[in-house]
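Read off the chains here:
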Amino acid sequence: MPSLPVLLLLMLAALLAGFVDAIVGGGGLITVPALMLALPAGTPLPTLLGTNKVVACTGTTLAAGTFLRSGTLAWREMIGPVLASALGASGGVWLTYRVHWDFLRPVMRGLLLVMLAFTLLKPDLG
């Protein structure tokens, strides 16, 4: 079990990621680095990404349910995004099992840094 400071870091990251996700999306840009820092060094990458995906899917499902119940979205409008999401998630799972983790982990770190720089340098993009 992780130590208390690690658990507090993960809880803070989850809270911040949920807040960001609810407003503009992209909470995974907070939770993935937090998990990379907090989980033990030998944690397999599919486990790390799966942990993040369970959290993201839970929040997205609850948000979609709220939109559907309020009448903001219709069921038919959800079919395309759900299928695209399932296809993208399946491709990501396939990739993490096919590409060696020693290669993929630094690539992910680099992509996260690029996304951070892009977000900071282009805040008016949307």
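As the structure is a prediction and not an experimental result, all values here were calculated from the model. (Residues numbered from 1 in each chain as written. Predicted model: local features only at pLDDT ≥ 70, side-chain atom pairs only at ≥ 80, totals over all residues. Heavy atoms only, no water.)

Participant: Lay out the overall build of the chain with the relevant residues and their values.
Facilitator: In terms of helices and strands, the chain carries 5 helices and 0 strands. For the chain, the succession of helices and strands along the chain, N to C, is α-α-α-α-α. When the backbone C-alpha atoms are referred to their principal axes, the chain occupies close to 45 × 35 × 35 Å. The buried share of the chain, taken over its 126 residues, is 18%. Pairs at least 24 apart in sequence give 53% of the contacts found in the chain among residues at least 6 apart. Of the roughly 9,200 Å² of accessible surface on the chain, a fraction of 75% belongs to carbon and sulfur atoms. Side chains of the chain carry 7 positive and 4 negative charges; the gap between the two charge centres is 7 Å. (Helix = DSSP H or I, 4+ residues; strand = E, 2+ residues; numbered from the N terminus. Buried < 20%, exposed > 50% of the residue type's maximum accessible area, 1.4 Å probe, protein only. Contact = heavy atoms within 4.5 Å. Areas by Shrake-Rupley, 256 points an atom, 1.4 Å probe, with all protein chains shown as cover. Lys, Arg positive; Asp, Glu negative; His and termini not counted. Charge placed at Lys NZ, Arg CZ, Asp CG, Glu CD.)

Participant: If you had to explain the nonpolar core to someone new, which residues and values would you point to?
Facilitator: Grouped together as the largest cluster of nonpolar side chains are 8 residues: V32, L35, M36, L45, L48, L104, M108 and L112. If you list the elements that add at least two residues to this core, you get α2 (28-38), α3 (45-70) and α5 (101-121). Among all residues touching L48, those that are not within four sequence positions of it are V32, L35, M36, L39, T43 and R105. (Core = buried A, V, L, I, M, F, W, Y, C linked by side-chain atoms within 4.5 Å.)

Participant: Let's hear about the packing of α3 against α5: which residues, and what values?
Facilitator: One can describe the packing of α3 onto α5 by two numbers: an axis separation of 10 Å at closest approach and a directional angle of 45°. By the criterion of interaxial angle, the relationship of α3 to α5 is oblique. Side by side, α3 and α5 meet where L45, P46, L48 and L49 of the first sit next to W101, L104, R105 and M108 of the second. (Axes fitted to C-alpha atoms, helices over the stretch in contact; angles between N-to-C directions. Parallel < 35°, antiparallel > 145°, perpendicular 65-115°, else oblique.)

Participant: Can you explain the environment of L39? Please cite residues and give values.
Facilitator: One can find L39 in the loop between α2 and α3. A residue is classified by how much of its surface remains accessible, and L39, at 21% relative accessible area, is partly exposed. C-alpha separation for the pair L39 and P2, spaced 37 residues apart in sequence, amounts to 7.8 Å.

Participant: I'd like to hear about α5, residue by residue, with values.
Facilitator: Between the first and last C-alpha of α5 there are 30 Å, a value that for 21 residues agrees with the 30 Å anticipated at 1.5 Å per step. Of all the residues in α5, the buried ones are L104, R105, M108 and L112. When α5 is viewed along its axis, its buried side chains cluster within an angular range of 100° and face the same direction. Among the exposed residues of α5, those pointing more than 90 degrees away from its buried face are D102, F103, L113, V114 and L121. Residues of α5 that are buried in the fold lie against α2, α3 and α4 (75-98). (Expected span 1.5 Å × (residues − 1). Arc of directions from axis to C-beta.)

Participant: Can you explain the environment of W101? Please cite residues and give values.
Facilitator: Note that W101 resides in helix α5. Separated by 26 residues in the primary sequence, W101 and W75 place their C-alpha atoms 38 Å from one another. Residue contacts for W101: discarding those within four places in its chain leaves P44, L45, P46, T96 and P106.

Participant: Could you give me a rundown of a nonpolar patch on the surface, with the residues and numbers involved?
Facilitator: Judged by side-chain polarity, L16, F19, I23 and V24 come together as a nonpolar surface patch covering roughly 440 Å² of accessible area. Checked against the element boundaries, I23 lands in helix α1 (residues 4-23). Taking relative accessible area as the criterion, I23 reaches 55% and is therefore assigned exposed. (Patch = residues over 30% accessible without salt bridge, like charges linked within 9 Å, V, L, I, M, F, W, Y side chains within 5 Å. Salt bridge = Lys/Arg side-chain N within 4 Å of Asp/Glu carboxyl O.)

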